[in-house]
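Overview (structure and organization)
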Amino acid sequence: MPRYDITIEKDACDGIFACLTRDPRFVEGEDGLATVDPDADPIYGCEGEVTDTEQQVIATFDDDRIDEARQAAAACPTDAIVVEEVRE
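Notes on the structure follow. Keep in mind that this is a model prediction, so the values were computed, not measured.

Looking at unusual backbone geometry
- Despite not being glycine, F17 has its phi angle at roughly 65°, a positive value.
- Mapped onto the elements, F17 comes out in the loop between β1 (3-9) and β2 (26-28).
- At D79, a position not held by glycine, the phi torsion is positive, near 55°.
- Structurally, the position occupied by D79 is in the loop between α1 (66-75) and β6 (81-85).

Notes on the pairing of β1
- Where β1 meets strand β5 (residues 56-62), 7 bridges bridge the pair, whose relative direction is antiparallel. Following the sheet pairing, R3 is matched in β5 by D62.
- One ladder, built from 5 bridges, connects β1 with β6; its direction is antiparallel. Bridge pairing links Y4 to E85 in β6.

A short note on the side chain of T35
- With respect to the secondary-structure elements, T35 resides in strand β3 (residues 34-36).
- Owing to a relative accessible area of 13%, T35 belongs among the buried residues under this scheme.
- Excluding residues that lie within four positions of it along the chain, T35 makes contacts with I8, R25, F26, V27, E28, G29, D52 and V57.

So, the nonpolar core
- Grouped together as the largest cluster of nonpolar side chains are 22 residues, with contacts concentrated most on I6, I8, F26, V36, I81 and V83.
- Listing elements by their share of this core, those giving two or more residues are β1, β3, β5, α1 and β6.
- Looking at this core element by element, the count peaks at 4 residues for α1.
- Beyond its immediate sequence surroundings of up to four residues, I8 is in contact with C13, F26, A34, T35, V36, Q55, Q56, V57, A80 and I81.

Re the sheet that holds β5
- With respect to topology, 4 strands assemble into an open sheet ordered β4-β5-β1-β6, the strand pairing being antiparallel. For this open sheet the edge positions go to β4 (48-52) and β6, each flanked by a neighbour on one side alone. Strand-to-strand, the axes of this sheet are offset by a mean angle of 15°, without reference to chain direction.
- In the packing of α1 onto the sheet, the strands contacted are β1 and β6, and the crossing angle to β6 comes to about 150°.

About the criteria used
Residues numbered from 1 in each chain as written. Predicted model: local features only at pLDDT ≥ 70, side-chain atom pairs only at ≥ 80, totals over all residues. Heavy atoms only, no water. Helix = DSSP H or I, 4+ residues; strand = E, 2+ residues; numbered from the N terminus. Pairing = 2+ DSSP bridges. Buried < 20%, exposed > 50% of the residue type's maximum accessible area, 1.4 Å probe, protein only. Contact = heavy atoms within 4.5 Å. Core = buried A, V, L, I, M, F, W, Y, C linked by side-chain atoms within 4.5 Å. Axes fitted to C-alpha atoms, helices over the stretch in contact; angles between N-to-C directions.

Shown next, in the form of structure tokens:
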């Protein structure tokens, strides 16, 4: 399974939330912008590490759901989301 990072640039996020319809791990954060919550998916249990700073949300996963994350990133009209496979 691939290990990958999901990065949301907060300055670029306008809270349009097109990502939420593609991957249920994307949710609305307390600041009104998109964030990632590994526990938000009601069907698939997953584990991930999320770091939330003033500038970015960075979530790291090691599972087979990278395509869902890429679809969420592609749906973002402001290109605020980047999904990158981590090479170890």
